[in-house]
Amino acid sequence: MSLISELQTILGTSHVLMKGDLSAFELDWRKRSKGRALCVASPANTQEVAQVVKACVAHKTSIVPQGGNTGLVAGSIPDESGQQVLLSLKRMRAIQAIDTANLSITVQAGCVLQEIQEAASHAGLLFPLSLGSEGSCTIGGNLSTNAGGTQVLRYGNTRELCLGLEVVSASGEIYSGLSGLRKDNTGYDLKNLFIGAEGTLGIITAATLKLYPKPLSTLTAWVAVDDLERCVSLLTQSHQALGAQLTGYEVMNQFSLSLVGKHIPQLACPFPNSPWCVLLELSDSESQAHASQQLENLLSQAMESGLASNAILADSLQKAKHLWHIRESITMAQAMEGLNIKNDISLPVSSITEFVRTTDHALGQLVPGVQLVNFGHLGDGNLHYNVQSPAHMPASVFLETFEDPVNTLVYQQVKHFGGSISAEHGIGSLKVLTLPHYKDPIALKMMRQIKVCLDPLNTFNPNRVVMID
Ligand code: FAD
Ligand code: MLT
Ligand code: ZN
């Protein structure tokens, strides 16, 4: 029997797509890479995933798992061979259980992040993972990329939010690790191998996640700041004043906000001429009045000491949402502006100012007039240090001529300052050839050994994260 016939028998003909417009599965979110799948297979449950894996292994066919296809490193689309099975987890979107006493929720991998947030909220609790793509990314994708987002400062990356996983292995066996335990020292922590593996070690089919009490009040401020050094100092001051109540600290340079103004003009941005803006969030378990007082004190001190040149405090939930919407629209506005070079880097917070000063300067020498879309999660030392063509240079010419030298320059600088070339988006296919230049060789060797051990036939997402000879 052919593989397609086997998959049709397992899933039903309507869940094995081969014809029609498959671009939603084959084109990456940034529209930079397009592959071609043998078919798109959409299982309904874990048993079907296991059967699909066994069939693909028997036919020596590789599998690319996909959730919401919002990944930014071209890791969730098939290659150009037309020989890979694209395994979409989107039909597997059940909320399986909420345990309010254990503060945990168990969900299938294809659950959209926003649906998990809403389910937690209906139970009076909080699932804190929060990304601009939360309306379409899935928890399986979040786990597989160890996604970060805007609440990492207080709650950690997706890895810190996961208690247990269910995974289909490369032999088609089901590892049932959906434990809600917060303590379990019975050997190697297997779940942490699959988190951040970008679909190269197994298919995540379900997860048990941590929930938190909802804060009583959440307050949001938008602060105008004259330079990045002051943004860093204000972060230090915010840590000191707010402690664990500081839940978000985002920075945006003026050019990144000007793109939002240009492409999404209904999103009016406060202080559009400020060189930098900070979006700061405080979550409090006491009262709204207590939180307001604390934030007002912090902002007036910042203004008095010259760290902030202006500031507003959102006085309603709607206004707070508006401010977050501006921040989260930068990615879309940048995509609307055209193709660009994305650098998702992390550095010790203490080195960020010097990194940006010297890298901005070196890039200006390499590409006179280059435009920098610089924003990110400063509280986590994570910048989206994106590089865009000079105003009058077509993006295609810029990428063809400068993508490699710009990346080399930026990554050398990242290395010099002790940072990472991927803070939260992962490696995918975009950085798979770059990683060996910047990763510790022993770490890379161990990563290859783990890959070969868990997936000896290289069935899962080959040529992503690590290349196997
Ligand atoms: P996909 O894109 O479908 O897949 C991502 C990777 O995971 C691929 O390698 C895929 O093979 C693998 N995978 C997917 N599902 C499974 C599974 N069930 N089992 C095994 N492997 C699987 N990222 C951040 O970290 N922080 C942000 O703040 C952030 N903001 C974003 C804002 C926008 C507007 C956009 C478009 C993207 C943003 N991202 C961000 C990137 C992206 O949304 C995340 O990487 C997200 O976690 C991907 O989820 P997904 O379901 O779309 O995964
Ligand atoms: C963000 O922080 O908005 C995301 O990581 C997306 C991006 O880098 O564009
Ligand atoms: Zn980000």
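Treat the numbers as computed from the prediction; the structure is a model and nothing was measured.

## Description of the nonpolar core
Membership of the largest hydrophobic core comes to 54 residues, with the highest contact counts inside it found for Cys-231, Tyr-249, Phe-355, Leu-363 and Tyr-385. When contributions to this core are tallied by element, the ones reaching two or more residues are β12 (217-225), α8 (228-242), β13 (246-253), β14 (276-284), α10 (288-304), α13 (352-366), β18 (382-388) and α14 (395-416). With eight residues, the top contributor of residues to this core is α14. Residue contacts for Cys-231: discarding those within four places in its chain leaves Val-225, Tyr-249, Val-251, Trp-276, Val-278 and Leu-378. Residues Ala-120, Phe-127, Leu-143 and Leu-209 belong to the second largest nonpolar core, which totals 30 residues.

## Remarks on empty space enclosed by the protein
Within this structure, the stated rule accounts for three cavities of 30 Å³ or more. Approximately 50 Å³ is the volume found for the largest cavity. Counted by class, the lining of the largest cavity contains three nonpolar, one polar and four charged residues. Its boundaries defined by the atoms lining it, the second largest cavity holds a volume of some 40 Å³. What lines the second largest cavity is simply Gly-149, Thr-150, Gln-151, Val-152, Leu-153, Gly-248, Tyr-249, Glu-250, His-377, Leu-378, Gly-379 and Asp-380. Looking at the lining of the second largest cavity, the elements that each hand over two or more residues are α6 (152-155) and β13. If you tally residues by element for the lining of the second largest cavity, the top one is β13, at three residues. Residues that form the lining of the second largest cavity fall into these classes: four nonpolar, six polar and two charged.

## With respect to unusual backbone geometry
We note that Lys-60 has phi near 50°; this positive angle belongs to a residue other than glycine. For Lys-60, the location among the structural elements is in the loop between α3 (46-58) and β3 (63-66). Located in the positive-phi region is Asn-461, a residue other than glycine, with phi close to 45°. Mapped onto the fold, Asn-461 is located in the segment after α16 (441-454). The class of Asn-461 is buried, set by a relative accessible area of 1%.

## Some thoughts on the side chain of Thr-70
Within the fold, Thr-70 resides in the loop between β3 and β4 (84-88). Setting aside anything within four residues of it in sequence, one finds Thr-70 in contact with Trp-29, Ser-133, Ser-136 and Cys-137.

## Considerations on the site of ligand 2
As a matter of local geometry, ligand 2 sits amid Leu-72, Arg-327, Thr-331, Lys-342, Phe-375, His-377, His-384, Glu-424 and His-425. The contact in question runs from an oxygen atom of ligand 2 to an N or O atom on the side chain of His-425, over 2.7 Å. Protein burial of ligand 2: of its 270 Å² of free accessible surface, 87% is covered by the chains. Here the residues of the shell around ligand 2 sort into two nonpolar, four polar and three charged.

## Some words on the site of ligand 1
Around ligand 1, 36 residues are found, and the nearest of them are Pro-65, Gly-67, Thr-70, Ser-133 and Thr-138. Taking Ser-133, its side chain carries an N or O atom lying 2.7 Å from an oxygen atom of ligand 1. Protein chains shield 96% of the accessible area of ligand 1, which is 980 Å² for the free molecule.

## What to know about the confidence of the model for the protein chain
Per-residue confidence for the protein chain gives a mean pLDDT of 97; residues scoring 70 or more make up 100%. Within the protein chain, the element-level pLDDT minimum falls on α10, averaging 92, and the maximum on helix α5 (residues 139-145), averaging 99.

## Some remarks on helix α12 (residues 330-337)
Taken together, the buried positions of α12 are Ile-330, Ala-333 and Gln-334. Seen end-on, α12 carries its buried residues on one side only, within an arc spanning 100°. Packed against the buried residues of α12 are β13, α9 (254-263), α11 (317-328), β17 (371-377) and β18. Backbone geometry just after α12 places Gly-338 at a positive phi near 135°.

## Details of the sheet that holds β4
Strand order in this open sheet of four strands is β1-β2-β4-β3, and the pairing throughout is mixed. Every other strand in the sheet has two partners, leaving β1 (16-17) and β3 as the edge strands with one partner each. Direction of pairing for β1 relative to strand β2 (residues 37-41): antiparallel, over a ladder of two bridges. Across the sheet, residue Leu-17 finds its bridge partner in β2, namely Val-40. The strands touched by helix α1 (residues 3-11) are β1, β2 and β4; relative to β2, the strand with the most contacts, the crossing angle is about 10°.

## Remarks on the layout of surface pockets
Gaps left between atoms show up when a probe the size of a water molecule is rolled over them. Approximately 720 Å³ is the volume found for the second largest pocket. Forming the boundary of the second largest pocket are 33 residues, of which Gly-196, Ile-427, Lys-439, Met-447 and Val-465 lie nearest the centre. Among the elements of the structure, α7 (191-194), α14, α15 (435-438) and α16 are those that each provide at least two residues to the lining of the second largest pocket. With four residues, the top contributor of residues to the lining of the second largest pocket is α16. Split by residue class, the lining of the second largest pocket holds 16 nonpolar, 10 polar and seven charged.

Quick notes on the rules
- Residues numbered from 1 in each chain as written.
- Chains lettered and ligands numbered in written order.
- Predicted model: local features only at pLDDT ≥ 70, side-chain atom pairs only at ≥ 80, totals over all residues.
- Heavy atoms only, no water.
- Core = buried A, V, L, I, M, F, W, Y, C linked by side-chain atoms within 4.5 Å.
- Buried < 20%, exposed > 50% of the residue type's maximum accessible area, 1.4 Å probe, protein only.
- Helix = DSSP H or I, 4+ residues; strand = E, 2+ residues; numbered from the N terminus.
- Contact = heavy atoms within 4.5 Å.
- 1 Å grid on protein atoms, 1.4 Å probe; cavity = no way out; pocket = protein on both sides within 12 Å on 5 of 7 lines; lining within 4 Å.
- Points joined across faces, edges and corners; volume = space filled by probe spheres on them.
- Nonpolar A, V, L, I, M, F, W, Y, C, P; charged D, E, K, R; others polar.
- Near = heavy atom within 4 Å.
- Polar contact = N/O pair within 3.5 Å; in protein donor to acceptor, adjacent residues only side chain to side chain.
- Areas by Shrake-Rupley, 256 points an atom, 1.4 Å probe, with all protein chains shown as cover.
- pLDDT = per-residue confidence, 0-100.
- Arc of directions from axis to C-beta.
- Pairing = 2+ DSSP bridges.
- Axes fitted to C-alpha atoms, helices over the stretch in contact; angles between N-to-C directions.

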